[in-house]
Amino acid sequence: MRERHNRLAVVKELIKNNRIDNQDTLLEMLKTEGYTVTQATLSRDLKMLKVGKISDGWSGYYYSLPENDLISESEKSYIQDVRRGILSIEFSGNFGVIKTRPGHANSVGIALDVLAIPEILGTLAGDDTIFVILREGMTKEDLQESFKTRIPDIEE
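Predicted model, so just to flag it, every value in this text is computed and none were measured.

## Thoughts on the domain arrangement of the chain
Okay, step 1: What the domain assignment reports for the chain is domain 1 (1-65) and domain 2 (73-150).
Okay, step 2: On a C-alpha basis, the centres of domain 1 and domain 2 stand 36 Å from each other.

Structure (structure tokens):
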């Protein structure tokens, strides 16, 4: 089971870092990484990873990972800042106050700005408090739904 987990991680990395247009190419790349598998096994792996093929616009199709697997390392870092820092969120209309751990408000505010949460018009951060303004027509519930999608495991 451990080998399969490691192989799946290698398949994801190969697809993320290369334009692979067929299973034969991927099988060869896996072989150079030390994994010899059958086409049937690779096919099951691709299905498990929800790998699809997308058009490159002119010469054919290549393998692609689902969107949620393509989060950049810097975005992951910002998501971690938000997860680590937020203690509570309260709203009055489209104005919100986010309480953070002492000294975390600035990094959480920057993370929210960089992540470009569509419901947020802007933030203003102090030491342990962030003032949030939601866009016209947006609600606390809209923001919470967006957080669930973009920042999984965040405490509400």
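## Re the side chain of Asp81
Okay, step 1: Assignment of secondary structure puts Asp81 in helix α4 (residues 73-85).
Okay, step 2: When near neighbours in sequence (up to four residues on either side) are disregarded, Asp81 contacts Ser107, Val108 and Ala111.

## Here we look at the nonpolar core
Okay, step 1: Counting 19 residues, the largest nonpolar core has Val82, Leu112, Ile117, Phe147 and Ile151 as its most contacted members.
Okay, step 2: Of the residues forming this core, the biggest block, five residues, is contributed by helix α5 (residues 105-115).
Okay, step 3: Setting aside its immediate chain neighbours within four residues, Ile151 contacts Ile79, Val82, Arg83, Leu115, Ile117 and Ser146.
Okay, step 4: Among the nonpolar cores identified, the runner-up in size contains 17 residues, and Val10, Val11, Leu30 and Leu65 belong to it.

## Overview of the environment of Tyr35
Okay, step 1: By the secondary structure assignment, Tyr35 is in the loop between α2 (23-32) and α3 (39-48).
Okay, step 2: Residues Tyr35 and Thr139 lie 104 residues apart in sequence; the distance between their C-alpha atoms is 50 Å.
Okay, step 3: Residue contacts for Tyr35: discarding those within four places in its chain leaves Glu3, Asn6, Arg7, Val10 and Leu30.

## Considering the packing of α2 against α3
Geometry of a packed helix pair, given as the angle between the helix axes and the separation of the axes.
Okay, step 1: As a packed pair, α2 and α3 sit with axes 11 Å apart at the nearest point and diverge in direction by 100°. As summarised for this structure, α2 and α3 are arranged roughly perpendicular, according to the angle between their axes. Of α3, the residues touching α2 (which contributes Gln23, Leu26, Leu27 and Leu30) are Gln39, Leu42, Ser43 and Leu46.
Okay, step 2: In terms of residue class, the contact of α2 with α3 is built from five nonpolar, three polar and no charged.

Parameters at a glance
- Residues numbered from 1 in each chain as written.
- Predicted model: local features only at pLDDT ≥ 70, side-chain atom pairs only at ≥ 80, totals over all residues.
- Heavy atoms only, no water.
- Domains from an automatic or database assignment.
- Helix = DSSP H or I, 4+ residues; strand = E, 2+ residues; numbered from the N terminus.
- Contact = heavy atoms within 4.5 Å.
- Core = buried A, V, L, I, M, F, W, Y, C linked by side-chain atoms within 4.5 Å.
- Buried < 20%, exposed > 50% of the residue type's maximum accessible area, 1.4 Å probe, protein only.
- Axes fitted to C-alpha atoms, helices over the stretch in contact; angles between N-to-C directions.
- Parallel < 35°, antiparallel > 145°, perpendicular 65-115°, else oblique.
- Nonpolar A, V, L, I, M, F, W, Y, C, P; charged D, E, K, R; others polar.

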